[in-house]
Amino acid sequence: MIEDMNNEVSELKSFTVGDIVTGKVTKVEDKQAFVDVGFKVDGILPISELSSLHIETVGDVLAVDDELELKIQKVTDEELVLSKRAVQAEKAWERLQDAYSSGEIIEAEVADVVKGGLVVDVGVRGFIPASLVERHFVEDFSNYKGQTLRLKVVELDRDNNKLILSQRAVLDEEVETNKRQVLDSLKAGDTVEGTVQRLTNFGAFVDVGGVDGLVHISQLAHHRVESPSEIVSEGQSVRVKILSVDTNSERVSLSIKDTEPGPWEKVAEQFSVGDVVDGTVKRLVSFGAFVEIAAGIEGLVHISQIANRHIGTPSEVLSEGETVQVKVLEVSASDKRVSLSIRELLENEDGSQDYAQYERSRDEDSGGFSLGDMIGDQLKKYK
């Protein structure tokens, strides 16, 4: 009898606070479970020591005969208090510290959606702030519960039991890696498909496989563009030509204009010397006026061809935006040049251009006699 008591005392002394033991669940209640770990009485596992997360009842996570690894929290002659959470936490902090140091990606299921973010169980309670869940704004996180996320440890404080995780860090890293790969694959001169991301007053940014390239306003169309919204809209799919790639600064210059036939390619089919067409005065310069006679085609009316009188500056006669009628004097598609005249049309109107024709008409009407002949005849009378 005395020997049995000594054996029990000896067995009791072998259990110390902080020891890790293995046991089997013998009974499950709402707020606690009983576990046989070889002590003279079954150890108590309170619901608060089951997990770092909130649990409604023990039966939600444990069943009789489950085998557990537990840490001794308290030991007396008649009581043994155990913790599953403490064992998980100790292992978890070591693993998380390694992941934090190495930048390793870990996976965890979202256990709960709370104000300001998401909660996961990675052996300890981890928190993902709302701003670190996605790269874009998320208004409602309710459907995230139960999802498995890939995460990085961004803040770890074991003493204060604080763990901040980020899925956005994983996504940002993937985007950056993809961006480098795309930049390396883009070659000047290639034509690729892209999507317009946003418009600015100086052009449009187009996504070409994960990299935003700039189509400057001068590269949107062959004709003069006042606002990018005249040509493209956000979300629109476009074909662009790569003009240049700077991998160091991650800048890509693109052109939509260069993927489309230029207006000068068919200018010879549209206009011939002598044609009279309507145009719009686009620019006034010291030596003349540039008049747009078709989309992307501006011809020069030299200052000498603007009026049938001498003028000092084109602005004396013309103003930008004005619609005028012009005559085509010369067309050169190779040089992208069209020469125009307003004066010739004005001269036709006042008759001065047709003076020679007028003289010929008078000769015919007078029976073939010229003015010189008539004067000559009169002079003969005085001889």
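So, a few notes on the structure that sits alongside this text. All values derive from a computational prediction rather than experimental measurement.

1. Thoughts on the packing of aromatic side chains
Taken as a whole and judged by the stated rule, the model has 4 aromatic pairs. Ring geometry for Phe287 versus Phe290: centroids 6.3 Å apart, planes at 85°, classification edge-to-face. Its relative accessible area of 39% is what places Phe287 among the partly exposed residues. For Phe290, a relative accessible area of 18% gives the class buried. For the cation-ring pair, Arg198 lies above Phe205, with the distance from its terminal atom to the ring centre recorded as 4.1 Å. Across the ring face of Phe290, the terminal group of Arg283 is positioned such that the distance to the ring centre comes to 4.3 Å.

2. Regarding the pairing of strand β8 (residues 125-129)
Among the 5 residues in β8, 4 count as buried, and that is most of the element. Alignment of strand β7 (residues 117-121) against β8, held across 5 bridges, turns out to be antiparallel. Bridging across to β8, Val119 finds its partner in Phe127. Following β7, the chain reverses through 3 residues before pairing antiparallel with β8; Gly123 in that reversal takes a positive phi of roughly 95°.

3. What about the pattern of salt bridges?
Think of it this way: side chains of opposite charge can pair up when their charged atoms draw near. What the rule picks out here adds up to 20 salt bridges. The partner of Glu49 in a salt bridge is Arg85, and the shortest N-O contact between them spans 3.2 Å. Here Arg85 lies in helix α2 (residues 84-102) and Glu49 lies in the loop between β3 (43-46) and β4 (67-75), a separation of 36 residues in the sequence. Note that Arg337 is salt-bridged to Asp335, the shortest N-O span being 3.4 Å.

4. Some words on the layout of surface pockets
Taken as a whole, the largest pocket holds about 270 Å³ of empty space. Forming the walls of the largest pocket are 13 residues, and the residues nearest its centre are His222, His223, Arg224, Val225 and Glu298. Classifying every residue of the lining of the largest pocket gives 4 nonpolar, 4 polar and 5 charged.

Parameters and conventions
- Residues numbered from 1 in each chain as written.
- Predicted model: local features only at pLDDT ≥ 70, side-chain atom pairs only at ≥ 80, totals over all residues.
- Heavy atoms only, no water.
- Phe/Tyr/Trp six-rings, centres within 6.5 Å; stacked < 30°, edge-to-face > 60°.
- Buried < 20%, exposed > 50% of the residue type's maximum accessible area, 1.4 Å probe, protein only.
- Lys NZ or Arg CZ within 6 Å of the ring centre and 35° of its normal.
- Helix = DSSP H or I, 4+ residues; strand = E, 2+ residues; numbered from the N terminus.
- Pairing = 2+ DSSP bridges.
- Salt bridge = Lys/Arg side-chain N within 4 Å of Asp/Glu carboxyl O.
- 1 Å grid on protein atoms, 1.4 Å probe; cavity = no way out; pocket = protein on both sides within 12 Å on 5 of 7 lines; lining within 4 Å.
- Points joined across faces, edges and corners; volume = space filled by probe spheres on them.
- Nonpolar A, V, L, I, M, F, W, Y, C, P; charged D, E, K, R; others polar.

Distances and angles like these do not, on their own, reveal function.
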